[in-house]
Structures are given as structure tokens and as C-alpha cells.
Amino acid sequence: MTVQEAYQSLVARLGKRYELQEARNISEWVMEYVTGQKRVDRLMDRDAPVPVAQQETLSAITSELETGKPLQYVLNEAWFAGMKLYVDENVLIPRPETEELVDWIIEENRGKAGLRILDVGTGSGCIAIALAKALPKDTVRAFDVSEPALNIAIRNAMLQG
């Protein structure tokens, strides 16, 4: 199976559950995840064979996606404020609207010092981590009643330094 054939097969299978453009977007993300190659590299080398191990990974991911499981949970990753974060079913998937809120907070408070920010129900930690990175002179604390969620937030904080 070539890279192009794998992509086309994935789009066809996901097209049964999603609209075509959404199936294509998900397929691009999955193919990059599985092959480690950006889209342009895959297009340039579209006839390259997909190794058996990658085909098996692709098949397992596709099966999970066909059940309706969100892509971010399948891949255990979500992007937020330029950061790749770990996510699973113990936390909500970060939303673009939340990223807009974080951007607004950063813009309103850039250059100020001594702010004390509290993120209650931190989940993945996306808000607290993004604010702590952007506002290093301020204090950011994050809390959650869920121990699995806190472990994910700690993991993401460590990954983001």
C-alpha cells in the first residue's frame, strides 16, 4: 500500500461517518501522525510504500475513528495555543473558543506583573499552561477535583516546561 492509497482509503472509510472535507482533514492529521511526514512530503513521495507497522497503526486508528471516538482522544493529542498537549477521556478536548479567551487575557494583561490567576477545573491544564508561559511574571495556579485530570495537567505542564 502506498502513502496515497492509504490516504484515499482512510478518506473513503471516514467519509461514511463525516462530511467529505472533515474526513479529508482528519485523514491528513492521521497520516501525519502515523507517517511522521508533513502533507507536502507525503505528496512529493505519494507512491512510497507504507511500512507494515504503520499500516497496522493506521488500521487501529481508523477502527476507533469509525466508532465516533474523537480524533484527539484516539491520538492522545490536541493543539492549544501552539502547544501539543496530551489528552484522553479524563479531560475535555481544548476548544478554539477557549484559546480565544486565553489570547484575550494575555493581551489585556501583557506587561503587568503580580497577577494571581486561578484555573478551577483545569482538566488538561491548557489554560493555566498557556497563561503561565505567556505571563511569566504572574502566578498561575490550577486545580481540579479529578486526580486523573490533575495527572494529565501535570504531564502537560512538564512537557511544556
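Residues numbered from 1 in each chain as written. Predicted model: local features only at pLDDT ≥ 70, side-chain atom pairs only at ≥ 80, totals over all residues. Heavy atoms only, no water.

Side note on a negative patch on the surface
Cut-off, in case you're wondering: Within the patch definition used here, like charges are joined within 9 Å and nonpolar side chains (Val, Leu, Ile, Met, Phe, Trp, Tyr) within 5 Å, considering only residues with over 30% relative accessible area and no salt bridge. Residue-level accessible areas treat just the shown protein chains as cover; the underlying method is Shrake-Rupley with a 1.4 Å probe. Criterion for a salt bridge: a side-chain nitrogen of Lys or Arg within 4 Å of a carboxyl oxygen of Asp or Glu. Counting rule applied: Lys, Arg positive; Asp, Glu negative; His and chain ends not counted. Note on charges: their place is set at NZ of Lys, CZ of Arg, CG of Asp or CD of Glu. In DSSP terms, a helix is any run of H or I states spanning at least four residues, a strand is any run of E spanning at least two, and both are numbered starting from the N terminus. For the exposure calls, accessible area comes from a 1.4 Å probe over protein chains only, and a residue counts as buried if that area is under 20% of its type's maximum, exposed if over 50%, partly exposed in between.
Together, Glu 5, Asp 41, Asp 45 and Asp 47 line one region of the surface with negative charge. Tracing the sequence through the fold places Glu 5 in helix H1 (residues 3-14). Look at Glu 5 and you get partly exposed, because its relative accessible area is 43%.

Focus: the pattern of salt bridges
Taken as a whole and judged by the stated rule, the model has nine salt bridges. With its nearest N and O atoms 3.0 Å apart, the salt bridge here joins Arg 39 to Glu 28. Placement of Arg 39 in helix H3 (residues 39-44) and of Glu 28 in helix H2 (residues 20-35) is noted, with a sequence separation of eleven residues between them. For Arg 39, a relative accessible area of 48% puts it in the partly exposed group. Residue Glu 28 is classed as buried on the basis of its relative accessible area, which comes to 17%. Several salt bridges share partner residues, and in doing so they unite Glu 28, Arg 39 and Arg 42 into one network.

Thoughts on the nonpolar core
For clarity, the cut-off: Definition of nonpolar core: a set of buried residues of the types Ala, Val, Leu, Ile, Met, Phe, Trp, Tyr and Cys, connected through side-chain atoms within 4.5 Å. In this analysis, two residues are considered to be in contact whenever any of their non-hydrogen atoms come within 4.5 Å of each other.
Of all hydrophobic cores here, the largest spans 19 residues; its most connected members are Val 30, Met 31, Leu 58, Ile 61 and Leu 65. Secondary-structure elements contributing two or more residues to this core are H1, H2, helix H4 (52-66) and helix H5 (71-75). Sorting elements by how many residues they give to this core places H1 first, with six residues. Aside from chain neighbours lying at most four places away, what touches Val 30 is Leu 10, Leu 58, Ile 61, Leu 65 and Leu 71. Within the second largest apolar cluster, eleven residues are counted, among which are Met 83, Val 102, Cys 126 and Leu 135.

These figures come from the coordinates and say nothing about function on their own.
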